[in-house]
Amino acid sequence: MKRYFIEEAKCGVAGGGMACGPFPGVVAVTIRFRSGKKTQWMNLVEVDGLPAFYLADRDLHEEIIRDEENEELREYMEHHFIESYNDLDLTEDYDNIFSGISEDPENPAVPLIRYAIALARCEMEEVSGLIEMARGHYADELEIPMSDAEEEFNEENDL
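Below is a short write-up of the structure. (Residues numbered from 1 in each chain as written. Predicted model: local features only at pLDDT ≥ 70, side-chain atom pairs only at ≥ 80, totals over all residues. Heavy atoms only, no water.)

### Examining the overall build of the protein
Next, step 1: Helices and strands together make up the secondary structure of the protein, namely six helices and 10 strands.
Next, step 2: Relative to the 2.2 N^0.38 estimate, which gives 15 Å for 159 residues, the radius of gyration of the protein is 15 Å and therefore close to what a compact globule would have.
Next, step 3: Projecting the C-alpha coordinates of the protein onto the three principal axes gives extents of approximately 45 × 40 × 30 Å.
Next, step 4: A burial count over the protein gives 45% of its 159 residues as buried.
Next, step 5: Restricting the contact set of the protein to residue pairs at least 6 apart, pairs at least 24 apart contribute 54%.
Next, step 6: Accessible surface, the protein as shown: approximately 8,800 Å² in total, 46% of it carbon and sulfur.
Next, step 7: Side-chain charges of the protein comprise 13 positive and 38 negative groups, with the mean position of each set lying 12 Å from the other. (Helix = DSSP H or I, 4+ residues; strand = E, 2+ residues; numbered from the N terminus. Rg over C-alpha atoms; globule rule 2.2 N^0.38 Å. Buried < 20%, exposed > 50% of the residue type's maximum accessible area, 1.4 Å probe, protein only. Contact = heavy atoms within 4.5 Å. Areas by Shrake-Rupley, 256 points an atom, 1.4 Å probe, with all protein chains shown as cover. Lys, Arg positive; Asp, Glu negative; His and termini not counted. Charge placed at Lys NZ, Arg CZ, Asp CG, Glu CD.)

### Here we look at helix α4 (residues 110-121)
Next, step 1: The end-to-end C-alpha distance of α4 is 16 Å, a good match for the 16 Å that 12 residues give at a rise of 1.5 Å each.
Next, step 2: Of all 12 residues in α4, 11 are buried; the element is thus mostly enclosed. (Expected span 1.5 Å × (residues − 1).)

### With respect to helix α2 (residues 71-80)
Residues that lie three or four places apart on an α-helix share one face, since the helix turns once every 3.6 residues.
Next, step 1: Every buried residue belonging to α2 is among Leu73, Tyr76 and Met77, and all of these are buried. When α2 is viewed along its axis, its buried side chains cluster within an angular range of 95° and face the same direction. Every exposed residue of α2 that faces more than 90 degrees away from the buried side is listed here: Glu78 and His79. (Arc of directions from axis to C-beta.)

### Description of the environment of His79
Next, step 1: By the element assignment, His79 lies in helix α2.
Next, step 2: A C-alpha to C-alpha distance of 16 Å links His79 and Glu63, two positions 16 residues apart in sequence.

### Comments concerning a negative patch on the surface
Next, step 1: There is a patch of like negative charges on the surface, built from Asp95, Glu151, Glu152, Glu155 and Glu156.
Next, step 2: By residue number, the principal contributor to the negative patch is helix α6 (residues 148-156), which donates four residues. (Patch = residues over 30% accessible without salt bridge, like charges linked within 9 Å, V, L, I, M, F, W, Y side chains within 5 Å. Salt bridge = Lys/Arg side-chain N within 4 Å of Asp/Glu carboxyl O.)

### Some thoughts on the packing of helix α3 (residues 94-103) against α4
Next, step 1: Where α3 contacts α4, the axes come no closer than 11 Å and their chain directions differ by 150°. Taken as axis vectors, α3 and α4 run roughly antiparallel relative to one another. When you trace α3 past α4, the crossing you get is left-handed. Judged by residue contacts, Tyr94, Ile97, Phe98 and Ile101 of α3 engage Val110, Ile113, Arg114, Ile117, Ala120 and Arg121 from α4.
Next, step 2: Here the residues of the contact of α3 with α4 sort into eight nonpolar, no polar and two charged. (Axes fitted to C-alpha atoms, helices over the stretch in contact; angles between N-to-C directions. Parallel < 35°, antiparallel > 145°, perpendicular 65-115°, else oblique. Left-handed = near helix turned anticlockwise from the far one by under 90°. Nonpolar A, V, L, I, M, F, W, Y, C, P; charged D, E, K, R; others polar.)

### Observations concerning the pattern of salt bridges
Next, step 1: Scanning all chains against the criterion turns up 13 salt bridges.
Next, step 2: Put simply, Glu7 and Arg34 hold a salt bridge, and the shortest N to O gap is 2.9 Å. With Glu7 in strand β1 (residues 5-14) and Arg34 in strand β4 (residues 26-35), the pair connects residues that are 27 residues apart, well separated along the chain.
Next, step 3: The exposure class of Glu7 is buried, given its relative accessible area of 18%.
Next, step 4: Judged by relative accessible area, Arg34 falls into the partly exposed class, the value being 28%.
Next, step 5: Between Asp148 and Arg121 there is a salt bridge, with its nearest N and O atoms 2.8 Å apart. Within this pair, whereas Asp148 is found in helix α6, its partner Arg121 is found in helix α4, the two being separated by 27 residues in sequence.
Next, step 6: A residue is classified by how much of its surface remains accessible, and Asp148, at 38% relative accessible area, is partly exposed.
Next, step 7: Connected via shared salt-bridge partners are Arg3, Asp140 and Glu141.

See the structure below:
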C-alpha cells in the first residue's frame, strides 16, 4: 500500500482586498511529501471556494502567494494541474471530491487529500497547529479534523 510521508506543509492567502466591497484572496496550500523515495509538492489553490490541485517537482508556494503576473508560473501550473490523484477525482468542487472519497474510503491518497482540504479550509489561527501536527508523519497516521466542506457534504448526504 502507498503511504505519504508529510515533510512540510504551508498555507497562505494571496490577493484579496476591496472593490465594491471586500473580496477574498486565493488560498494556497503546499504539501511537500514523500511516497517511496520520490519527493513531490502537492498544491491546492482555492479560488472562490473552488479547488484546483497541482502536483509539482518543486516548491511553488511563495510564487503563488506573491500574487504577481508570472507567465512562467502560469504555464508551469497549467502543465502540472491534476484532475485525479491515485484514482481519486479532484475536479469540479469539494462535493465531487468528497463523493469520490466516500466511494473509495480505503484509497491510500484519501488522508493526504483530506489534509490538504482541511488546511485550506481551516481558520487562520488553526493553520500552525495543523502544520505542526502533520510534519514528519505519514498522512494515514494523522487525526485530520473534518473541514467545513466535508461536514457540509456529510450532512447533505446523511453520512
